[in-house]
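Each chain is listed here by its residues.
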Amino acid sequence: MIKEYLKLAITSIKHRKLRTSLTILGIIIGVAAIVSLISISQGLQYSIESQFQKMGAGRIYLSPKGAFGQGTQGLTTKDIKLIEKMPDVDWVNSYIIFYDRKVKFSNKEVSTTIAGLSTDKLDKKLADMDINLIDGKFFSGGERGKAIIGYKVAKDMFDPFVLRINSKLEISDKKFEVYGILEEIGSSEDDNQIMVPEEDARDLFNLKETVHYAEIKIKQGKDINEVADKIKKELKRERGDENFELYTPEQVLKQMQTILGVIQVVLVGIAAISIIVGAIGITNSMYTNVLERTKEIGIMKSIGARNENILSIFLVEAGLQGFFGGLVGIILGAGIGKLVEYIAKISGFAMLKVPINPLVLLGGLLFAVVVGLVSGYLPARQAAKLKPVDALRK
């Protein structure tokens, strides 16, 4: 019996190709939007979590209050020395950051980020952060006039020239020798960055004691929250103010997940509007279909078709529209997700990987079928209630 229902439904759809295509367009758009947005948000979440996992446990980040990583004001080398002396602290990596600075190589000038950091045990600190080199060496202490460059600085920034170890860069009229080349991290900001010794950076940009932010590694076995409280108390006592903020990776991750969750809800809500439009389209199409086939319904009833048979025929047709819309929608949605991943990669954000989750695809397809069935129920019930005599008269 189901086979016969399917044949009738497919025949009806074939006779109304244009109308059916326009009807299921809303379902296609809605399902594609939902699948792509969920996939992209899962990719964002995975990328964020993987980056924080790379940071490792036992890290605390220190920045001026209200300006994490932006390098405004508030921290000094005195604060860093105070933290380094604390017994629970393994090491401190302080940074001074300068954005959009001119860098010249072989008569080509570009703008990029310059990071000044201490050379003392930098090889150990960066290794702890899972940052590796594809060539050259890390600073180990006392280096001057050297630079460690990001992957894209070496490979792409001075295209068609490729930087190598011992290449000479010019930053603010001062020459630097390429000392190391970082492997690709996947973040545009990191891969386009140039690291130089802290002393050179202070000379270049006329800074004395300012520190823009710092990374603090606590000793193994210590409770990160307790150590953070101790650091906060010591800094407050020595500075006489609280113009600083301390973060743990877990705190930053929770904040970002909250923001991402809000974005997901908004985007899925927008996609749901398309689904509603598609559902209205199916309902309208099915009502029109009932009116057009009134006489056909009367003939079927006069030769013995029951209400359940008529109801099933129209429900199967509505369900098929939802199925076809959902099938095209999940394919389109998966394609959009992978397109976003590709665009992110060529834009310098290779860390974004958009997964194609079979459960998301199956959920999108089932959702589309359910929407089709629900949308077609009222028109199908109206068709089933038609009396044979009235239907034939019309």
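Report follows, based on the coordinates.

Calculation criteria
- Residues numbered from 1 in each chain as written.
- Predicted model: local features only at pLDDT ≥ 70, side-chain atom pairs only at ≥ 80, totals over all residues.
- Heavy atoms only, no water.
- Helix = DSSP H or I, 4+ residues; strand = E, 2+ residues; numbered from the N terminus.
- Buried < 20%, exposed > 50% of the residue type's maximum accessible area, 1.4 Å probe, protein only.
- Contact = heavy atoms within 4.5 Å.
- Areas by Shrake-Rupley, 256 points an atom, 1.4 Å probe, with all protein chains shown as cover.
- 1 Å grid on protein atoms, 1.4 Å probe; cavity = no way out; pocket = protein on both sides within 12 Å on 5 of 7 lines; lining within 4 Å.
- Points joined across faces, edges and corners; volume = space filled by probe spheres on them.
- Nonpolar A, V, L, I, M, F, W, Y, C, P; charged D, E, K, R; others polar.
- Core = buried A, V, L, I, M, F, W, Y, C linked by side-chain atoms within 4.5 Å.
- Axes fitted to C-alpha atoms, helices over the stretch in contact; angles between N-to-C directions.
- Parallel < 35°, antiparallel > 145°, perpendicular 65-115°, else oblique.
- Left-handed = near helix turned anticlockwise from the far one by under 90°.
- Salt bridge = Lys/Arg side-chain N within 4 Å of Asp/Glu carboxyl O.
- Pairing = 2+ DSSP bridges.
- Patch = residues over 30% accessible without salt bridge, like charges linked within 9 Å, V, L, I, M, F, W, Y side chains within 5 Å.

**With respect to the overall build of the protein**
Okay, step 1: Looking only at helices and strands, the protein features 13 helices and 12 strands.
Okay, step 2: Across the 394 residues of the protein, 48% fall into the buried class.
Okay, step 3: Within the protein, residue pairs in contact and separated by at least 24 positions form 79% of the contacts whose partners lie at least 6 positions apart.
Okay, step 4: On the protein, roughly 20300 Å² of surface is accessible, and the fraction owed to carbon and sulfur atoms is 58%.

**Some remarks on the layout of surface pockets**
Okay, step 1: When its volume is computed, the second largest pocket comes out at roughly 350 Å³.
Okay, step 2: Lining the second largest pocket are 16 residues, and of these Glu-84, Val-92, Ser-118, Asp-120 and Lys-125 sit closest to its centre.
Okay, step 3: Listing elements by their share of the lining of the second largest pocket, those giving two or more residues are helix 3 (77-84), strand 3 (89-105) and helix 4 (122-128).
Okay, step 4: Residues of the lining of the second largest pocket, tallied by class, amount to 3 nonpolar, 3 polar and 10 charged.

**Section: the nonpolar core**
Okay, step 1: In this structure, Ile-27, Val-31, Ile-297, Ile-310 and Phe-314 are the most contacted members of the largest nonpolar core, which totals 26 residues.
Okay, step 2: Secondary-structure elements contributing two or more residues to this core are helix 2 (17-55), helix 9 (249-292), helix 10 (294-302), helix 11 (307-346) and helix 12 (358-385).
Okay, step 3: It is helix 12 that contributes the most residues to this core, 7 residues altogether.

**What to know about the packing of helix 3 against helix 8 (residues 224-239)**
Okay, step 1: Running from N to C, helix 3 and helix 8 cross one another at 135°; their axes reach a closest spacing of 10 Å. Accordingly, the angle class assigned to the pair helix 3 and helix 8 is oblique. As helix 3 packs across helix 8, the resulting crossing turns out to be right-handed. Between helix 3 and helix 8, the contacting residues are Asp-79, Leu-82 and Ile-83 on the first element and Ile-231, Glu-234, Leu-235, Glu-238 and Arg-239 on the second.

**Observations concerning the pattern of salt bridges**
Okay, step 1: Applying the stated criterion to the full structure yields 17 salt bridges.
Okay, step 2: For Asp-200, the salt bridge is made with Arg-144, and the minimal N-O distance between the two is 2.7 Å. In this pair, Asp-200 is assigned in helix 7 (residues 198-205) and Arg-144 in the loop between strand 5 (133-136) and strand 6 (146-149), connecting sequence segments 56 residues apart.
Okay, step 3: With relative accessibility at 41%, the residue Arg-144 sits in the partly exposed group.
Okay, step 4: The partner of Glu-234 in a salt bridge is Arg-237, with the nearest N and O atoms 2.7 Å apart. Of the two residues, Glu-234 and Arg-237 both sit in helix 8, 3 residues apart, roughly one turn of that helix.
Okay, step 5: By relative accessible area, Glu-234 is classed as partly exposed at 25%.
Okay, step 6: Residue classification places Arg-237 among the exposed residues on the basis of a relative accessible area of 53%.

**Topic: the packing of helix 10 against helix 11**
Each pair of packed helices can be summarised by the angle the axes make with each other and by the distance between the axes.
Okay, step 1: For the pair helix 10 and helix 11, the least separation of the axes is 10 Å and the interaxial angle reads 140°. As far as their axial angle goes, helix 11 and helix 10 are oblique. Considering how the two elements wind past one another, helix 10 and helix 11 form a crossing that is right-handed. Counted together, Ile-297, Met-300 and Lys-301 of helix 10 and Asn-307, Ile-310, Ile-313 and Phe-314 of helix 11 form the full contact between these two elements.
Okay, step 2: Here the residues of the contact of helix 10 with helix 11 sort into 5 nonpolar, 1 polar and 1 charged.

**Comments concerning the side chain of Ser-94**
Okay, step 1: Assignment of secondary structure puts Ser-94 in strand 3.
Okay, step 2: Residue Ser-94 is classed as buried on the basis of its relative accessible area, which comes to 6%.

**Digging into the side chain of Asp-79**
Okay, step 1: Mapped onto the elements, Asp-79 comes out in helix 3.
Okay, step 2: On the accessibility criterion, Asp-79 (5% relative accessible area) is buried.
Okay, step 3: Excluding residues within four positions of it along the chain, Asp-79 makes contact with Gly-74, Leu-235 and Arg-239.

**Examining the environment of Lys-301**
Okay, step 1: With respect to the helices and strands, Lys-301 occurs in helix 10.
Okay, step 2: You can call Lys-301 buried: its relative accessible area is 13%.
Okay, step 3: Taking the C-alpha atoms as reference points, Lys-301 and Leu-386, separated by 85 residues in sequence, lie 8.9 Å from one another.

**As for the pairing of strand 3**
Okay, step 1: Relative to strand 11 (residues 213-218), strand 3 runs antiparallel, the two being bridged by 6 bridges. Within strand 11, the position partnered with Asn-93 by the bridge is Glu-215.
Okay, step 2: Here strand 3 pairs with strand 4 (residues 108-117) via 9 bridges, running antiparallel. When the sheet's bridge partners are listed, Tyr-95 is paired in strand 4 with Leu-117.

**Here's the deal with a nonpolar patch on the surface**
Okay, step 1: Taken together, Ile-259, Val-262, Ile-263, Val-266, Leu-267 and Ile-270 make up a surface patch of nonpolar side chains, about 510 Å² in accessible area.
Okay, step 2: Within the fold, Ile-259 resides in helix 9.

**A few points about the environment of Phe-324**
Okay, step 1: Mapped onto the fold, Phe-324 is located in helix 11.
Okay, step 2: Distance from Phe-324 to Leu-25, taken between C-alpha atoms, is 9.9 Å for residues 299 residues apart in sequence.

**A look at unusual backbone geometry**
Okay, step 1: Going from Asp-159 to Pro-160, the amide bond is cis rather than trans, its omega being 15°.
Okay, step 2: Mapped onto the elements of the fold, Pro-160 is located in the loop between helix 5 (151-157) and strand 7 (168-171).
Okay, step 3: Despite not being glycine, Asp-100 shows a phi value in the positive range, around 55°.
Okay, step 4: Phi at Asn-166 takes a positive value of approximately 80°, unusual for a residue other than glycine.
Okay, step 5: In this fold, Asn-166 is placed in the loop between helix 5 and strand 7.

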